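In case you want the letters, here they are:
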Amino acid sequence: MTITTFNPMILSKDADNITKLFEEIGFEKKHQVENIDNKDISSVRMTDANGFHLDVAHVDSMENDMTTIRMNVRDFDEAYEFFKAHGFKNARGDDHTVESKSARSCLLISPSGFSIQLTQHIRKEDRQ
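Computed from a predicted model, the values in this text were never measured in an experiment.

Visitor: What am I meant to see in the packing of aromatic side chains here?
Guide: Aromatic ring pairs are defined here through the distance separating the ring centres and the angle between the ring planes. The tally for this structure, following the rule as stated, stands at five aromatic pairs. When the ring of F82 is compared with that of F83, the centres are 5.2 Å apart and the planes differ by 85 degrees; the resulting orientation is edge-to-face. You can call F82 partly exposed: its relative accessible area is 39%. Here F83 and F88 contribute two aromatic rings whose centre-to-centre distance is 4.9 Å and whose plane-to-plane angle is 70 degrees, an arrangement assigned as edge-to-face. Members of the aromatic cluster, each reached through a chain of ring pairs, are F82, F83, F88 and F114.

Below you can see the structure in the form of C-alpha cells.
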C-alpha cells in the first residue's frame, strides 16, 4: 500500500472556531472543498511553517467532535480491503464511499475504536 498523506483531521459542527484556533498558533488555510457528498460538508486543509498538516471538516451531523487520521493512498480498493481484513468497519455501512471528480473516501473505524479517513485523490491523468 502506498500512503501519500498522513495527518490528523478534526470533524466538527464548529469547524470555523477550530480553524480560527489553529490559525492563532500559526496554521494557514491552503485548500478548501465545499459540498462534499452533496451535503453541507466542507473541509479545510491547513499547514504550518514546519510543514505539519491538519484538516478540519465541518459536518453538521456530528454530535461530538471527532479526531481521526487522514490517510491518502494511491489505491483505494487495496487499502480498503486491507483495513477490512483487519476488522475495520465503514462508518456509513459496508462499501459506501464518498466520491467526487477528485477523490474517493470513507471513514473506517477500527475494532478498538480509532478511526481513519481513507482517501484516494484521483490524479489528473486518471480522470476521464
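From this point, the narrative continues.
Visitor: What should I look at first to understand the nonpolar core in this one?
Guide: General note: in soluble globular proteins, nonpolar side chains tend to be found buried as a group. Counting eleven residues, the largest nonpolar core consists of M71, V73, F76, A79, Y80, F83, F88, C106, L108, I116 and L118. For this core, the secondary-structure elements that each account for two or more residues are β5 (66-73), α2 (76-85), β8 (103-109) and β9 (115-121). Ranked by residue count, the leading element in this core is α2, at four residues. If we skip the residues at most four places from it in the chain, L118 touches M71, V73, F76, A79, Y80, F83, R104, S105, C106 and L108. One finds I18, F27, M46 and L54 within the second-largest nonpolar core, a separate group that totals nine residues.

Visitor: Please explain the pattern of salt bridges as it appears in this structure.
Guide: Opposite charge on two side chains allows them to pair when their charged atoms are near. Within this structure, the stated rule accounts for five salt bridges. Where D55 meets R45, a salt bridge forms, and the shortest distance between an N and an O atom there is 2.9 Å. Placement of the pair is D55 in strand β4 (residues 53-59) and R45 in strand β3 (residues 41-47), with a sequence separation of ten residues. For the pair D55 and R45, one class covers both residues: buried. The salt bridge involving D55 is made with R70; its shortest N-O contact spans 2.9 Å. With D55 in strand β4 and R70 in strand β5, the pair connects residues that are 15 residues apart, well separated along the chain.

Conventions used here
Residues numbered from 1 in each chain as written. Predicted model: local features only at pLDDT ≥ 70, side-chain atom pairs only at ≥ 80, totals over all residues. Heavy atoms only, no water. Phe/Tyr/Trp six-rings, centres within 6.5 Å; stacked < 30°, edge-to-face > 60°. Buried < 20%, exposed > 50% of the residue type's maximum accessible area, 1.4 Å probe, protein only. Core = buried A, V, L, I, M, F, W, Y, C linked by side-chain atoms within 4.5 Å. Helix = DSSP H or I, 4+ residues; strand = E, 2+ residues; numbered from the N terminus. Contact = heavy atoms within 4.5 Å. Salt bridge = Lys/Arg side-chain N within 4 Å of Asp/Glu carboxyl O.

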